[in-house]
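For reference, the chains in residue letters:
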Amino acid sequence: IQSKLPHTGTTIFTVMSKLAEEHNAINLSQGFPDYDCDPKLLSFVTEAMQKGFNQYAPMPGLPALRELIAEKVSNLYGANYHPDTEITITAGGTQAIFTALSSCISSGDEVIIFEPAYDCYAPTVKLLGGLVKPYELAPPNYEIDWEMVKKLFTANTKMIILNSPQNPTGCILSEKDIKALIKLTKNTDILILSDEVYEHIIFDNNKHQSIALYPELRERSFIAASFGKLLHATGWKLGYCLAPEKLMKEFRKVHQFNVFSVNTPMQLGIANYLKDAGTYMGLSSFFQQKRDFFRKLLAETNFNLLPCNGSYFQCVSYGHLSEEKDTDMAIRLVKNYGVASIPVSAFYTRNPDHQVLRFCFAKKQETLEKAVERLMKL
Ligand code: PMP
Ligand code: GLN
């Protein structure tokens, strides 16, 4: 067949995790915890299965879970998303992103993406016939110059994709960034897809700048979220999408024929668990401890640490040590040192080689210690 994505290979997460397995390396590449989720959560899910909640959920998701999400978003961001018409439970953040894009991107539409960018955005846009307009950010701080973003606008600009806290850089958008974005998109029809899967992993008392905080933006935005990050259960592939009714109506037209609905007992288990826990907070301090611990260890290696304000990824640069491309360096680290990372050039269209690697620190203390012990030899 004629490939619809001729220039797309296998995702870097699969490539690096496979390599880690082959070489029996410590896997700090693909982002997932190496510890289990709360046993209480597991009991709520198994209880839902045992009680017979094993058939199709309603197309937009279980009402109990949507209601809890509405309450959370209202409490945290002062935004009222109606659970019946503006919240849909999805198969992870990935499906929320794919379906949001599918519901509004057509052939010739341009989508502005800040790179390094999570790797599902660009291929999805291309699959829909859209055009990716990358805005390249550079280490160490990966800041956005909004005047330069404006230069990317054309009559065909359909959407801007945001991701804060950002994967892979761990950078966050500030209130100033959002204000600039509001100014830039005022009197335009430009849509926003805000990937907020790391909304609860933000450090040093910074406030997550959810698009839901800003009425001017949320009326034109899809927000993608993930329970995988919130509950340390990435394998469950559950998340959700928030959008105003007019956008959610289009989203659900696609969702109903894409998956129709997602895993019933897990939705119910999560709803009961969150009701029982009574809070979404605590994740930031949990991961801040891990970040601080990991950074302290890494500071003893020859790598240069880049800032990390959110997410569970720490980037390092090594240009002062070697001229190797990050893809080569990542392979060498797996093969010779037994530690897997992600080469950050994989998240760019143009693959500029800034010589930066990403490590995931959603790991047990002893895993991080063992990994850094090996990296000390570099
Ligand atoms: N967006 C970003 C930035 C992510 O890091 C991830 C998870 N790796 C996703 C979306 C996808 O989330 P999920 O695993 O819930 O599909
Ligand atoms: N979000 C995870 C990461 O950035 C991986 C997700 C995936 O494997 N697709 O590492």
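Residues numbered from 1 in each chain as written. Chains lettered and ligands numbered in written order. Predicted model: local features only at pLDDT ≥ 70, side-chain atom pairs only at ≥ 80, totals over all residues.

Draft legend 1. Structural view of the overall build of the protein chain. For the protein chain, the helix and strand inventory stands at 14 helices and 13 strands. A compact globule built from 378 residues would reach a C-alpha radius of gyration of about 21 Å, and the protein chain, at 20 Å, matches this within 12%. Considering only C-alpha atoms, the protein chain reaches an extent of 55 × 55 × 50 Å along its principal axes. Taken over 378 residues, the protein chain has a buried fraction of 46%. (Helix = DSSP H or I, 4+ residues; strand = E, 2+ residues; numbered from the N terminus. Rg over C-alpha atoms; globule rule 2.2 N^0.38 Å. Buried ≥ 20, exposed ≤ 12 C-beta atoms within 10 Å, placed from the backbone.)

Draft legend 2. Highlighting the domain arrangement of the protein chain. Segmentation of the protein chain into domains returns domain 1 (12-30 + 282-375) and domain 2 (39-277). Between the C-alpha centres of domain 1 and domain 2 the distance comes to 25 Å. Elements supplying a minimum of two residues to the side of domain 1 that touches domain 2: helix H12 (283-298), strand E10 (313-317) and strand E13 (356-360). By residue number, the principal contributor to the side of domain 1 that touches domain 2 is H12, which donates five residues. When its residues are assigned to classes, the side of domain 1 that touches domain 2 shows 16 nonpolar, nine polar and three charged. (Domains from an automatic or database assignment. Nonpolar A, V, L, I, M, F, W, Y, C, P; charged D, E, K, R; others polar.)

Draft legend 3. Representation of the site of ligand 1 within the structure. Looking at ligand 1, there are 14 residues lining it, with Gly92, Gly93, Thr94, Asn167 and Ser226 nearest. Per-element tally for the shell around ligand 1: the top contributor is helix H4 (residues 92-104), with three residues. Classifying every residue of the shell around ligand 1 gives two nonpolar, ten polar and two charged. (Near = placed C-beta within 6 Å.)

Draft legend 4. Examining the sheet that holds E13 more closely. Strand order in this open sheet of four strands is E9-E10-E13-E12, and the pairing throughout is antiparallel. Each having just a single partner strand, strand E9 (304-305) and strand E12 (342-343) make up the two edges of the open sheet. Pairing of E9 with E10 involves two bridges; the strand directions are antiparallel. Within the sheet, the bridge partner assigned to Asn304 lies in E10 and is Ser317. (Pairing = 2+ DSSP bridges.)

Draft legend 5. Molecular detail of the site of ligand 2. Lining the immediate environment of ligand 2, one finds Thr11, Phe13, Gln30, Gly31 and Asn167. Class assignment of the residues belonging to the shell around ligand 2 gives a composition of one nonpolar, four polar and no charged.

Draft legend 6. Here's a closer look at the pairing of E13. Burial analysis of E13 places five of its five residues in the buried class, the great majority of the element. Here E13 shows two buried faces, one formed by Val356, Arg358 and Cys360 and the other by Leu357 and Phe359. Judged from the five bridges that link them, E10 and E13 form a sheet pairing that is antiparallel. Counted as the bridge partner of Cys315 is Arg358 from E13. With two bridges joining them, E12 and E13 adopt antiparallel strand pairing. The partner of Pro343 across the bridge, within E13, is Leu357.

Draft legend 7. View of helix H14 (residues 365-375). Within the sequence span of H14, burial applies to Leu368, Ala371, Val372 and Leu375. For H14, the arc enclosing every buried residue in end-on projection is 95 degrees, short of the 170-degree limit, so these residues lie on one face. (Arc of directions from axis to C-beta.)

Draft legend 8. Structural view of the packing of H4 against helix H10 (residues 245-258). H10 packs onto H4 with a crossing angle of 120 degrees between their chain directions and a minimal axis gap of 8 Å. The angle between H4 and H10 places the two elements in the oblique class. Relative to H10, the crossing made by H4 is right-handed. The residues of H10 that touch H4, namely those facing Thr99, Ala100, Ser102, Ser103 and Cys104, are Glu250, Phe251, Lys253, Val254, His255 and Asn258. Across the contact of H4 with H10, the residue classes break down as four nonpolar, five polar and two charged. (Axes fitted to C-alpha atoms, helices over the stretch in contact; angles between N-to-C directions. Parallel < 35°, antiparallel > 145°, perpendicular 65-115°, else oblique. Left-handed = near helix turned anticlockwise from the far one by under 90°. Contact = placed C-beta atoms within 7 Å.)

Draft legend 9. Fine view of the sheet that holds strand E4 (residues 131-136). Spatially, E2-E8-E7-E6-E5-E3-E4 is the arrangement adopted by the seven strands of the open sheet, whose pairing is mixed. Two strands in the sheet have a free side with no partner beyond their single neighbour: strand E2 (87-90) and E4. When strand polarity is set aside, the average angle formed by the axes of neighbouring strands in this sheet is 20 degrees. With four bridges joining them, strand E6 (residues 191-195) and strand E7 (residues 221-226) adopt parallel strand pairing. Considered in E7, the bridge of Ile192 is made with Ser221. Helix-sheet contacts for H4 involve E2, strand E5 (157-163), E6, E7 and strand E8 (239-242), and the interaxial angle to E7 is about 160 degrees.

Draft legend 10. Inspection of H4 at higher detail. Taking 1.5 Å of rise per residue, 13 residues should cover 18 Å, and H4 covers 19 Å from first to last C-alpha, within 8% of that figure. Most of H4 sits inside the fold, with eleven of its 13 residues counted as buried. Among the residues of H4, Gly92, Gly93, Gln95, Ala96, Ile97, Phe98, Thr99, Ala100, Leu101, Ser103 and Cys104 are the ones counted as buried. (Expected span 1.5 Å × (residues − 1).)

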